[in-house]
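The residues making up each chain are set out below.
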Amino acid sequence: MTWRYALVIDPVDADDDRTTWDDTFTVIDPSAPALSVGELSTQRGDGIFESIGVVDGHAQEVGPHLERLAHSARLCDLPAPHLAQWRAAIAEAAAHCPAGEAVIKLILSRGVEHGPAPTAWVTAAVAADNSAPRERGIRVVVLDRGFDSGAPDRAPWLLLGAKTLSYAVNMAAIREARRRGADDAVFVSSDGILLEGPTSSLIVRHGSRFSTPAPGAGILHGTTQLSLFADLERRGFETAYGDLRLGDLTGADAAWLVSSVRLAAPITTVDQTPIPVDAALTASINEYLLSPRD
């Protein structure tokens, strides 16, 4: 049986000054029923989440993930999470993770309609084996996201910059990519601006310059991309944010989709057009991403 772990959190106000949290955590059977039938996360996808990679019991990039959780909560008008409480819950889950790679998920839901408080929980599970996409790469197709790059500013209620539980479109995009004979997708706005993958950030390399689409056009700012850019800068490479178009991807010297659990997967083809793969650089990137990072 695959190992799993689950912990329910009794959320406290963001300004609560307690220093211990054990009485706000309840460990539950991850295979047993736990949510009310009125839970809005399942009825409407009305909530937010984060996925944190774990390597040999060390939860990666906890601070950036918590900052993004708080950012998503603000966008969705959810109560601000008490970050110290969530950090303690992550540490508790990580302490139970087996050796190797795992994934911790944080979920904050609006709870039951007209209920007294939000619903919150943490899960942990063994991660899938991602050695093949890291080493052999992935084929991608470019899919229309259905809005132009100005939509997030005109319509903030679309929550395009929040990591919400409403992931049906993202999963549909991956299924469409596979129907087209690819492994993953890259979204493009209706005015031709490259965005991100359904569950990942896009990075392209031209010479010694690494670029990623600028946050703010409905792009979730990736924690893995941020960490990788910091490492690349330490190595002496140039990094940049900006508007990228299809030619920037198909004409790149190398490109990757990066995420917290799969890490860096080199792109081998874009709509069946081959692009170069830098195997040595990819291996060094993933070596860094597998190292302990706070």
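Criteria and thresholds
Residues numbered from 1 in each chain as written. Predicted model: local features only at pLDDT ≥ 70, side-chain atom pairs only at ≥ 80, totals over all residues. Heavy atoms only, no water. UniProt positions renumbered as here; feature names shortened; annotations may be inferred. Helix = DSSP H or I, 4+ residues; strand = E, 2+ residues; numbered from the N terminus. Buried < 20%, exposed > 50% of the residue type's maximum accessible area, 1.4 Å probe, protein only. Expected span 1.5 Å × (residues − 1). Contact = heavy atoms within 4.5 Å. Domains from an automatic or database assignment. Buried area = accessible area lost by both parts, 1.4 Å probe. Salt bridge = Lys/Arg side-chain N within 4 Å of Asp/Glu carboxyl O. Polar contact = N/O pair within 3.5 Å; in protein donor to acceptor, adjacent residues only side chain to side chain.

For the protein, an unreviewed UniProt entry supplies the name Aminodeoxychorismate lyase and the organism Microbacterium hominis. In its Sequence similarities (unreviewed entry) section, the UniProt entry covering the protein states "Belongs to the class-IV pyridoxal-phosphate-dependent aminotransferase family."

Participant: Now, about the environment of Asp77: what can you tell me, with residues and values included?
Facilitator: As for its placement among the helices and strands, Asp77 is situated in the loop between helix H2 (62–75) and helix H3 (83–96). The class for Asp77 is exposed, based on a relative accessible area of 65%. Linking Asp77 and Arg175, residues 98 residues apart in sequence, is a C-alpha distance of 31 Å.

Participant: Help me get a handle on H2, residues and values and all.
Facilitator: Residues spaced three or four apart along an α-helix face the same direction, because each turn holds 3.6 residues. With 14 residues, H2 extends 20 Å from end C-alpha to end C-alpha; this agrees with the ideal 20 Å at 1.5 Å per step. Listed as buried for H2 are Val62, Gly63, His65, Leu66, Arg68, Leu69, Ala70, Ser72 and Ala73. For H2, the elements touching its buried residues are strand E3 (47–55), strand E4 (58–59), H3, strand E5 (101–109) and helix H7 (223–234).

Participant: Provide a residue-level description of the domain arrangement of the protein, including the pertinent values.
Facilitator: Here the protein is partitioned into domain 1 (4–127) and domain 2 (131–290). The C-alpha centroid of domain 2 is placed 26 Å from the C-alpha centroid of domain 1. Tallying the contact residues gives 23 residues for domain 1 and 18 residues for domain 2. On the domain 1 side of the contact with domain 2, Phe49, Arg68 and Glu101 bury the most area, a combined 34% of that side's loss. Across the contact surface, domain 1 and domain 2 share one salt bridge. For the salt bridge of Glu101 with Arg134, the shortest nitrogen-to-oxygen distance reads 2.7 Å. Counting across the domain 1 and domain 2 interface gives 10 residue pairs in polar contact (both at pLDDT 80 or more). Secondary structure elements with two or more residues in the side of domain 1 that touches domain 2: helix H1 (40–44), E3, H2 and E5. In terms of residue count, the dominant contributor to the side of domain 1 that touches domain 2 is E3 (seven residues).

Participant: Let's hear about the pattern of salt bridges: which residues, and what values?
Facilitator: In total, this model carries 16 salt bridges according to the counting rule given. Of the charged contacts, one joins Glu238 and Arg209 as a salt bridge, the two residues approaching to 2.5 Å between their closest N and O atoms. Separated by 29 residues along the polypeptide, Glu238 in strand E11 (residues 238–242) and Arg209 in strand E10 (residues 209–213) bring together distant segments of the chain. Judged by relative accessible area, which is 41%, Glu238 ranks as partly exposed. Residue Arg209 is classed as partly exposed on the basis of its relative accessible area, which comes to 35%. Each of Asp16, Arg18 and Asp23 takes part in one network of salt bridges that share partners.

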